[in-house]
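Structure at a glance
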Amino acid sequence: MRTVLAREMGGYNVLGRIWGVWRRRPGVRAVPKAPGFGTEAGHRLRPRGSSKRSRPLGGQPFPGLLQLENLSREELVDVLRAAVVDQKGPLVTLNKPPGLPVTGKPGELTLFSVLPELSQSLGLGDQELQVVQASGKETSGLVLLSSCPQTASRLQKFFIYSRRAQRPTATYCAVTDGIPATSEGKIQAALKLEHVDGVDLVIPVKSPSRKDFQEGVKRTLSHFHVVAMGSGCALVQLQPLTVFPSQLQVHMVLQLCPVLGDHTYSARVGTVLGQRFLLPAESTKPQRQVPDEALLRRLCLTPSQAAQLPLHLHLHCLHLPGMRPGEAPMKLLAPLPSYFSRTLQCLGLHQQ
């Protein structure tokens, strides 16, 4: 298998070997593994030899974040060109910064809106890039583009077939506020999109009926594996086997362990006398995540800085088939943003 490493996004050099083979534990179903598409290797998510706690952050709490409102189209193209992981034949892979939407309304600055200029900048001429696979707006990590419609179609069919076969092709890493009750397993939930106060929110549906599915409710499935624990938080590897907006965020909320920096769904987890419980999703409005005082101290953040905490969810790895007959499968890897690696250092989250 050919492995392609992304350029570092700044901060610590976080690439190495950390994701180990998932171990089967009593009572927990392990992720199905297919030849060439396993999870045999990964990255070290803590800088080697780094044991010192990070210092408090200054006026700009999370340097390196994309300030989209301050960027011109030309500047965004420069940012994306610098974020190119690999360019081979018609395929171009980016390490997307968080905060960049893939699509949007006409006139909005998005990845899709600058694809013509990016194509020209990468020397593709009239072969305009199209999106094959991408993470959500607030999620960082890999984006797969293709300048060949036939290649794009082939890869999209590959992803569809892999989902039907329950073969994971995408691996995310996340930091969660809270530790899952089991070290690995699967999360299944029926989800629907609902327009609430002008915002589209994902709502879990208990015991959905046939009518619910006809009206847009979808069954969703993700696998998770806890890589490390510390300071009441966890470093979790996530592999979605279905596609639904905000699926991974909502799935972790259902585990009572919201993703750090989730300012949309984390409010659904309540706490009384140290015990966590789920609040009704239909009546719980989105609000800024509020880490407890102990976590704020570990992260060296003030409450106002924590209100700007980015989502700690990163599309870290993509498995692709060989582009030609007999060619080995590819594994694309992207390093973490600097704020993510800093959080890991503050919390002492690393391979045991």
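Here the structure is a predicted model, which is why all the values come from computation and not from measurement. Each residue is numbered by its place in its chain's sequence as written, counting from 1. Residue-level local features of this predicted model are given only where pLDDT is at least 70; pairs of side-chain atoms are given and counted only at 80 or more, and the full residue set underlies all totals for whole chains, interfaces and linings. To get the side-chain values, all heavy atoms of the structure are used, and hydrogens and water are removed first.

**Thoughts on helix α1 (residues 73-82)**
Heads up, the condition is: Throughout, exposure labels follow a simple rule: accessible area from a 1.4 Å probe, protein chains only, divided by the maximum for the residue type, with under 20% read as buried, over 50% as exposed, and the rest as partly exposed. Under the DSSP-based scheme used, a helix requires at least four consecutive residues in state H or I and a strand at least two consecutive residues in state E, with every element numbered from the N terminus. The arc refers to the directions leading from the helix axis to the C-beta atoms. Residues are treated as being in contact if the distance between any of their heavy atoms lies within 4.5 Å.
Restricting attention to buried positions, one finds in α1 the residues Leu76, Val77 and Leu80. Seen along its axis, α1 keeps its buried residues to an arc of 100°; they face one direction. The outward face of α1, more than 90 degrees from its buried face, is lined by the exposed residues Glu74, Asp78 and Ala82. Looking at the buried positions of α1, the neighbouring elements they touch are β2 (84-88), β3 (91-96) and α2 (115-121).

**Re the confidence of the model for the protein**
Spelled out, the test is: The score called pLDDT rates the predictor's confidence residue by residue, from a low of 0 to a high of 100.
Looking at the protein as a whole, its pLDDT mean stands at 84, while 82% of the residues score no less than 70. Long-range and interchain partners of residues 7-53, a stretch whose pLDDT sits below 50, account for 116 contacts in this model, where long-range means more than four residues apart.

**Brief notes about the side chain of Ser162**
With respect to the element layout, Ser162 can be found in helix α3 (residues 149-164). Setting aside chain neighbours within four positions, we find Ser162 in contact with Arg167 and Thr169.

**Describing the nonpolar core**
Threshold: Remark: nonpolar core denotes a set of buried residues (Ala, Val, Leu, Ile, Met, Phe, Trp, Tyr, Cys) joined through side-chain atoms within 4.5 Å. Where each domain begins and ends follows an automated or database-derived domain assignment.
Core analysis: the largest hydrophobic core is formed by 30 residues, its most contacted members being Leu144, Leu238, Leu313 and Leu320. Of all the secondary structure elements, the ones that give two or more residues to this core are β5 (140-146), α3, β6 (170-177), β9 (218-230), β10 (233-240), α5 (247-254), β13 (313-320) and β14 (330-333). Two domains share this core, each providing at least three of its residues, namely domain 1 (66-165) and domain 2 (169-190 + 219-351). Once residues lying within four places of it in the same chain are set aside, the contact partners of Leu313 are Thr139, Ser140, Tyr172, Cys173, Ala174, Leu238, Leu248, Gln249, Val259 and Phe340. Among the nonpolar cores identified, the runner-up in size contains 21 residues, and Val227, Cys233, Leu295 and Tyr339 belong to it.

**Focus on the state of the cysteines**
Rules: Disulfides are defined as cysteine sulfur pairs within 2.5 Å.
In total, this model carries zero disulfides according to the counting rule given. The thiol of Cys233 is unpaired, and the distance to the nearest cysteine sulfur, on Cys257, comes to 9.4 Å. By relative accessible area, Cys257 is classed as buried at 2%.

**Brief notes about the pairing of strand β4 (residues 130-133)**
Our working rule: Here a strand pair is declared whenever DSSP counts at least two bridges between the two strands.
Examined bridge by bridge, β4 and β5 share three bridges and lie antiparallel to one another. Bridge pairing links Val131 to Leu145 in β5. Between β4 and β5, which pair antiparallel one after the other, the connecting turn spans six residues.

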